[in-house]
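Examination of the molecular architecture
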Amino acid sequence: MPGRGSPGLLSVATREVAWIRRDRVALLLVAVIPLLAVFILTATFSNAVVRNLHVDVVDMDHSDTSLRFIQTIDSAPSVAVARRSSDLDGAMHSIRSGAAIAAVYIPPDFERDIFAAKRPQIVIFYNKQYFSPGNIASGGLQSAITAAAATLPKPPGGSAGFTPGPLVTEQYVLTNPALNYVQFLLRAILPTVLHVLTAVAGGYAVGSEFGSRNVREWLAAAGGSLVTALIGKLAPYFAIFILLMAVGLGVIHGLNQIPFRGDAILMGASAILFVFAYLSLGALLQLLVRNLPLGLSLTGLICSPSFGFAGVGFPVLAMGGFARVWGDALPLRWYIQILFDQAARGVPTYESVRPFMALAALMVAYFGLAWLRLTVIARSPDKVPRMEAPPEAAPSGIVGAFATEYKRVLRDSAVFGLIVLAPIIYGVFYPQPYLGQLVRKIPVAVVDDDSTNISRTLIQMLNADEATQVAARPVTLEAAQAALARREVFGIVGIPAGTERDVLKGKAPDCRSMSIPPISCFIIGPFRA
């Protein structure tokens, strides 16, 4: 029924709100499922920092020195000595069984070789199949072993066997020093989950007009204005999901007390564009197919793998051409970039103008296409006639029942797309961002204030490494930081004047570097070398 009062925006919105209150599926989509998702994700990341990863230690020396190393490892915050296997076979079994994420092997005669200045090696094994825990365990073990080595007494004669060389690297974390998973992963997952629900809710609202509701009544409530009809229908969902976005921000910055470093107004405007873009996308797909199940299947195919194309789990610079183009067509890609640039990195507002304009353009494009499609439908707004299957004889036996049901699946495009085509398309589509597999040639900037043979050698080594590529040579550190904010480079190396002189004198020169990974996850920098 049309809403009370004169036709217009309020009438369409009132009609939609009344329908949401009556329809259980709509209530689930806009209230129950989003709140449940926020609650589950918040509970999952209640321990925001990874601590006490289990480690197996194989001590083949059984000396006071090896015990000192084990105690230092056990005192590290990210790892804990959970097992003490007698050999490497037992340690490997612990890793494969999941009882430990890493193993440390201390060789025989470890203490004797140390005091004989033979430089014995402690070997670390870790399971990198679990990417993040494996890297955290590896980093924690290396830090602990380095700390233990620094406490060893100097050998007789004052040899500096345990002192670092002339180039010593110290790492300072610019943001997220504890690798807080709320700051990195939950901040990215919450809008990802909400964008799927937003598109599905928008699609369900429009698609229901071609099924259980009536398109003529919808357009009549708008007084014949198609823009009013579309905005009025999506307005209640827009208000609900903007409120849910605010709840997500409250979880991140209120409940977990993660600082917000950027422009709140820009972030709020981006959230508005983000929500309305996915409401428009869901509506567009339904208007294109005029079939609720098929439209929802298409919405799921587009939105479900979006997280991989957003550059969170795998950097955009390492993706192939198709993955980059497809990711650029998704509002989530640009919203995530704005979110991490503003909330985590605190870059200047003007550096986020490009992704903001891309997000705005996508919103206008999806809404404009939905409006154009609605103008076509408005000329013949009657329901799409249902294709009634001819009556069939009752199947006999299991084979007959199977054949009859399979024929029904083949005749129904929505069911066929969901059950048969969707898994095939998804299986081809989802791996696209990860086809590069490895991240290579990450662009970095070098500020060389020394201009000597040693500084040029360092730059050549940076270029020779497969992971890095010197992409810029700015004159000042400020210019390099501006390039970092623009994502033209993902690392900065500063070589100060006098580096070669200090190295030749045996001093530790003060070289600075700062970097962010190409993934929008951990913000690292500056370093001293």
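Remember, it's a predicted structure, so these values are computed and weren't measured experimentally. Per-chain numbering applies: the sequence of each chain, read as written, is numbered from 1 onward. At least 70 in pLDDT is required for a residue's local features to be given in this predicted model, at least 80 for side-chain atom pairs to be given and counted, and no such filter applies to totals for whole chains, interfaces and linings, which use all residues. Think of the side-chain values as coming from all heavy atoms in the structure, minus any hydrogens and water.

A closer look at the overall build of the protein chain
In terms of regular secondary structure, the protein chain is built from 20 helices and 10 strands. For each residue, the accessible area found with a 1.4 Å probe, counting protein chains only, is set against the maximum for its type, and the residue is called buried under 20%, exposed over 50%, and partly exposed in between. Taking all 529 residues of the protein chain together, 45% fall into the buried category. Only heavy atoms enter the contact rule, under which two residues are in contact if any of them lie within 4.5 Å. Taking the contacts inside the protein chain whose residues are at least 6 apart along the sequence as the reference set, 75% of them involve residues at least 24 apart. In these tables, accessible area is a Shrake-Rupley quantity obtained with a 1.4 Å probe, and a residue counts as shielded only by the protein chains included in the view. With the model as given, the accessible surface of the protein chain reaches about 26300 Å², and the carbon-plus-sulfur share is 62%. The helix count covers DSSP runs of H or I at least four residues long, the strand count covers runs of E at least two residues long, and both are numbered beginning at the N terminus.

A look at the environment of Tyr204
Here Tyr204 shows up in helix H7 (residues 181-207). The exposure class of Tyr204 is buried, given its relative accessible area of 12%. Once the C-alpha coordinates of Tyr204 and Leu29 are considered, the two residues, 175 residues apart in sequence, prove to be 9.0 Å apart. With sequence-adjacent residues up to four places away left out, Tyr204 is seen in contact with Trp19, Asp23, Val25, Ala26, Leu29, Leu292 and Leu296.

Digging into the sheet that holds strand E4 (residues 123-126)
Overall, mixed pairing links the 4 strands, which are arranged E2-E1-E3-E4 in an open sheet. At either end of the open sheet lies a strand with only one pairing partner, and these are strand E2 (79-83) and E4. Neighbour to neighbour, the strand axes of the sheet diverge by 30° on average, direction disregarded. Only strands that DSSP links by at least two bridges are regarded as paired with each other. Bridge analysis of strand E3 (residues 102-106) against E4 gives 4 bridges, and the strand direction is antiparallel. Note that in E4 the partner of Ala103 across the bridge is Phe125. The strands touched by helix H6 (residues 131-150) are strand E1 (53-59), E2, E3 and E4; relative to E4, the strand with the most contacts, the crossing angle is about 165°. Each axis is a line fitted through C-alpha atoms, taken for helices only over the stretch in contact, and angles between the N-to-C directions span 0 to 180 degrees.

Considerations on the pairing of E1
Of all 7 residues in E1, 6 are buried; the element is thus mostly enclosed. Of the pairings in the sheet, the one linking E1 to E2 comprises 4 bridges and is parallel in character. By the bridge assignment, Leu53 is partnered in E2 with Val79. Alignment of E1 against E3, held across 5 bridges, turns out to be parallel. Note on E3: the bridge partner recorded for Asp56 is Ala103.

Thoughts on the pairing of strand E7 (residues 468-472)
Side-chain direction in a regular strand flips from residue to residue, so the side chains alternate between the two faces of the sheet. Note that strand E6 (residues 442-448) and E7 share 4 bridges and pair parallel. Following the sheet pairing, Val444 is matched in E7 by Val470. Handedness of a crossover is defined as follows: orient the strands so they point away from the viewer, and if the path from the first strand over the helix to the second runs clockwise, the crossover is right-handed. Handedness of the crossover joining E6 and E7 through helix H18 (residues 453-464) is recorded here as right-handed.

With respect to the packing of aromatic side chains
The pairing test for Phe, Tyr and Trp rings, Trp by its six-membered ring, is centres within 6.5 Å, and the orientation test on the planes gives stacked under 30 degrees, edge-to-face over 60, and tilted for anything in between. In total, this model carries 12 aromatic pairs according to the counting rule given. Centre to centre, the rings of Phe322 and Trp326 are 6.4 Å apart; their planes meet at 15°, and the pair counts as stacked. Here Trp326 and Phe322 lie together in helix H13 (residues 321-328), a separation of 4 residues that amounts to about one turn. With relative accessibility at 43%, the residue Phe322 sits in the partly exposed group.

Concerning unusual backbone geometry
Negative phi is the rule for most residues except glycine; trans is the rule for most peptide bonds. One non-glycine residue, Asn52, adopts positive backbone phi at about 55°. Residue position: Asn52 is located in the loop between helix H2 (24-44) and E1. One non-glycine residue, Asp109, lies in the positive phi region at around 60°. Inspection of the secondary structure puts Asp109 in the loop between E3 and helix H5 (110-115).

These figures come from the coordinates and say nothing about function on their own.
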